[in-house]
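Residue strings, one per chain:
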Amino acid sequence: MSESQTTVTAADPAAKRSVRDLVRAAVSGWLGTALEFMDYQLYSLAAALVFADLFFSAENPAVAVVAAMATYGVGYVARPVGAFFFARLGDKTGRAKVLFYTILLMGLATTLIGVLPTYSQVGILAPILLVLLRIAQGFGAGAEISGAGVMLAEYAPAKRRGIIASLVALGTNCGTLLASGIWAILLIAYSEEEVIEWAWRIPFIASAVIMLFALWVRFNLKETPVFEERDDVVDGRALSKADALQLATETGDVRTLEAMQHKPIKAFIIALMLRFGQAGNSGMIQTYLISYITVVLLLDRSIGVNAVIVSSLVAFITVPLSGWLGDRFGRKRMYMIWAVVALIIIIPTMLMISSGETTQVFVGYVVLHNLAVMSFASLENLTIPEIFGARNRYTYTAMAREIGAIVATGAGPVIAAAWVSAVTGSFMPIIIMLMFFTLCTLIASIWMPEVAGRDLTDPRDAI
């Protein structure tokens, strides 16, 4: 990587946006990501707590749990398709327009889940409709968090990208917290029979309020200054590859000519492996581990939900701290440190959780979730966009994130549910999978160059 790729241009594009514009962009990214993760956490908690009873045959409870987790994974199958469709559009026409469409589709699908008929009412049609809405939800969500990360990276001043882009990760945390809080209230306010009968619908229908607010914020959002500064963007739209190449040849644009000749294979693999650590650990800890606490350890349903709430509150410290440290010491170094820390704490925290003692379950879950998921999430939302060049940043970022998600987050809970069932409740499969996902990120962080402070108008990849 040349020196020109590691330093910021003299005129930072972010200087062309006011503080008000930056605040609106930050709130927009935070809201959209919060809605996405609230939607998914609502479903993951519902899948772990009640969906096995509502949408699948009750003849075999263990099979019903696996089926509920599989339906959770279906949403991740649609995400790469939605990511490719919307992210390509975002690289051609801008980030702001696309992020309006994604949040609309995602929010509508989630709201409609709240009015679905159950298995006892319509039989096999119930899980079919649930799967269709999960596909629609995933299609819209596929480009949402990637777009929010790209948008904030391209809005923020170069030396403050880490702390500002961490707001995207805080959005994931806020969404998780809100969904978990709603479920905790439901479990306290209503009996288990009432929750299963009708109260589970409340959070899905109520999510429409956040969707409408997010749409209002995004309606007048300005395009990112980096997109507008791109040499291949004319009148708000990117030139085709042939036209961009012709323009670069005529103007002697060496950076664009180099970018056109370079294939992003190494950059994409590194981004994918970075994603494995956060996405894989998230699927295991935020989805399957809640089911494990309830179904395998036979603890009260509220314990897992309350543990998620406490952990999400702690993450209000973890996330901005990780972002600030990424600005202070660089993305590469902090990725390596967090990965090593996560590897060290996996076994002791899982021993605490599997003890079944309430205090140990809480402490183990909070430590594991924050150090093996949220620390990575803070760095990931900025680091992956920084790895890629300006022309295809949104597309490659979204595809790396979503392919990683479908492999790790979508498959992880399903494999864990089957594996733990096969070995009669042992938590060793969970430990093995968490270590595998974390090692992927550690290897990628050693392999990658430092990307902090890159000129994001550069069409070349960092690698």
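Below: a short report on this structure. Keep in mind the model is a prediction, meaning the values are calculated, not measured. (Residues numbered from 1 in each chain as written. Predicted model: local features only at pLDDT ≥ 70, side-chain atom pairs only at ≥ 80, totals over all residues. Heavy atoms only, no water.)

1. A look at the overall build of the protein chain
- A tally of helices and strands in the protein chain yields 19 helices and two strands.
- For 463 residues, the compact-globule estimate of 2.2 N^0.38 gives 23 Å, and the protein chain sits close to it at 22 Å.
- Along the longest, intermediate and shortest principal axes, the C-alpha atoms of the protein chain span 70 × 45 × 35 Å.
- Expressed as a percentage of the 463 residues in the protein chain, the buried residues total 60%.
- In the protein chain, the share of contacts with a sequence separation of at least 24, taken over all contacts with a separation of at least 6, comes to 85%. (Helix = DSSP H or I, 4+ residues; strand = E, 2+ residues; numbered from the N terminus. Rg over C-alpha atoms; globule rule 2.2 N^0.38 Å. Buried < 20%, exposed > 50% of the residue type's maximum accessible area, 1.4 Å probe, protein only. Contact = heavy atoms within 4.5 Å.)

2. Quick look at the nonpolar core
- If you look at the biggest cluster of nonpolar residues, it comprises 124 residues, and the most contacted ones within it are Phe 51, Trp 183 and Leu 368.
- Tallying contributions element by element places helix α2 (residues 19-55) first for this core, with 18 residues.
- Membership of the second largest hydrophobic core comes to five residues, among which are Ala 165, Val 226, Leu 382 and Leu 456. (Core = buried A, V, L, I, M, F, W, Y, C linked by side-chain atoms within 4.5 Å.)

3. Details of the packing of aromatic side chains
- Applying the stated criterion to the full structure yields 12 aromatic pairs.
- Ring geometry for Phe 100 against Tyr 101: centres 6.4 Å apart, planes inclined by 80°, an arrangement best described as edge-to-face.
- Ring geometry for Phe 213 against Trp 216: centres 5.9 Å apart, planes inclined by 20°, an arrangement best described as stacked. Of the two residues, Phe 213 and Trp 216 both sit in helix α10 (residues 201-219), three residues apart, roughly one turn of that helix.
- By the ring-pair criterion, three or more aromatic residues cluster together here, those being Phe 85, Phe 86 and Phe 139. (Phe/Tyr/Trp six-rings, centres within 6.5 Å; stacked < 30°, edge-to-face > 60°.)

4. Let's talk about the packing of helix α15 (residues 301-329) against helix α17 (residues 358-387)
- At a minimum axis distance of 7 Å, the contact between α15 and α17 shows a crossing angle of 35°. α17 is crossed by α15, and the crossing has right-handed handedness.
- Looking at the contact of α15 with α17 residue by residue, the class counts come to 13 nonpolar, 11 polar and no charged. (Axes fitted to C-alpha atoms, helices over the stretch in contact; angles between N-to-C directions. Left-handed = near helix turned anticlockwise from the far one by under 90°. Nonpolar A, V, L, I, M, F, W, Y, C, P; charged D, E, K, R; others polar.)

5. Remarks on the side chain of Thr 33
- Positionally, Thr 33 belongs in helix α2.
- A distance of 2.8 Å separates a polar side-chain atom of Thr 33 from the backbone oxygen of Gly 29.
- Those residues within four positions of Thr 33 in sequence are excluded, and the remaining contacts are Glu 144, Ile 145, Ala 148, Val 168, Gly 171 and Thr 172. (Polar contact = N/O pair within 3.5 Å; in protein donor to acceptor, adjacent residues only side chain to side chain.)

6. A few points about the environment of Glu 223
- In this fold, Glu 223 is placed in the loop between α10 and α11 (225-229).
- Of the residues examined, Glu 223 reaches a relative accessible area of 13% and is grouped as buried.
- Distance in space between the C-alpha atoms of Glu 223 and Glu 154 is 9.6 Å, their sequence separation being 69 residues.
- A polar side-chain atom of Glu 223 sits 2.9 Å from the main-chain amide nitrogen of Arg 95.

7. Considering the side chain of Thr 349
- With respect to the helices and strands, Thr 349 occurs in helix α16 (residues 331-354).
- Beyond its immediate sequence surroundings of up to four residues, Thr 349 is in contact with Gly 364, Val 367 and Leu 368.

8. What to know about helix α13 (residues 254-261)
- Considered for burial, the residues of α13 that qualify are Thr 256, Ala 259 and Met 260. Angularly, the buried residues of α13 cover 100° about the axis, an arc narrow enough to put them on a single face. (Arc of directions from axis to C-beta.)

9. Quick look at the pattern of salt bridges
- Counted according to the given criterion, the structure contains 18 salt bridges.
- Salt-bridge contacts for Glu 154 lead to Arg 95; the nearest nitrogen and oxygen are separated by 2.9 Å. One end of the pair, Glu 154, is in helix α7 (residues 144-155); the other, Arg 95, is in helix α4 (residues 95-113), with 59 residues separating them in the sequence.
- Among the ionic contacts, a cluster of salt bridges with common partners joins Arg 255, Glu 258, Asp 455, Asp 458 and Arg 460. (Salt bridge = Lys/Arg side-chain N within 4 Å of Asp/Glu carboxyl O.)

10. Here we look at unusual backbone geometry
- Of note, Asp 235 is a non-glycine position whose phi angle comes to about 55°, a positive value.
- Locating Asp 235 in the fold gives a position in the loop between β1 (233-234) and β2 (237-238).
- With relative accessibility at 81%, the residue Asp 235 sits in the exposed group.

11. Let's talk about the environment of Gln 278
- In this fold, Gln 278 is placed in helix α14 (residues 265-296).
- Judged by its relative accessible area of 6%, Gln 278 is buried.
- Measuring from C-alpha to C-alpha, the distance between Gln 278 and Ser 378 comes to 9.7 Å, with 100 residues separating the pair along the chain.
- In contact with Gln 278, other than residues within four places in its own chain, are Val 373, Phe 376, Ala 377, Glu 380 and Thr 441.
- Separated by 2.7 Å, the side chains of Gln 278 and Arg 275 make a polar contact.

12. Details of a positive patch on the surface
- Taken together, the side chains of Arg 88, Lys 92, Lys 97 and Arg 237 present a region of like positive charge at the surface.
- Tracing the chain through its elements places Lys 92 in helix α3 (residues 61-93).
- Using a relative accessible area of 37% as the deciding quantity, one classes Lys 92 as partly exposed. (Patch = residues over 30% accessible without salt bridge, like charges linked within 9 Å, V, L, I, M, F, W, Y side chains within 5 Å. Areas by Shrake-Rupley, 256 points an atom, 1.4 Å probe, with all protein chains shown as cover. Lys, Arg positive; Asp, Glu negative; His and termini not counted. Charge placed at Lys NZ, Arg CZ, Asp CG, Glu CD.)

13. A word on the packing of helix α8 (residues 161-189) against α10
- Running from amino to carboxyl end, α8 crosses α10 at an angle of 140°, the nearest separation of the two axes being 11 Å. Looking at the two axes, α8 sits oblique to α10. Crossing of α8 against α10: the hand is right-handed. Across from Leu 178, Ile 182, Trp 183 and Leu 186 in α8, the residues of α10 making contact are Ile 202, Pro 203 and Ile 210.
- Here the contact of α8 with α10 is built from residues that sort into seven nonpolar, no polar and no charged. (Parallel < 35°, antiparallel > 145°, perpendicular 65-115°, else oblique.)

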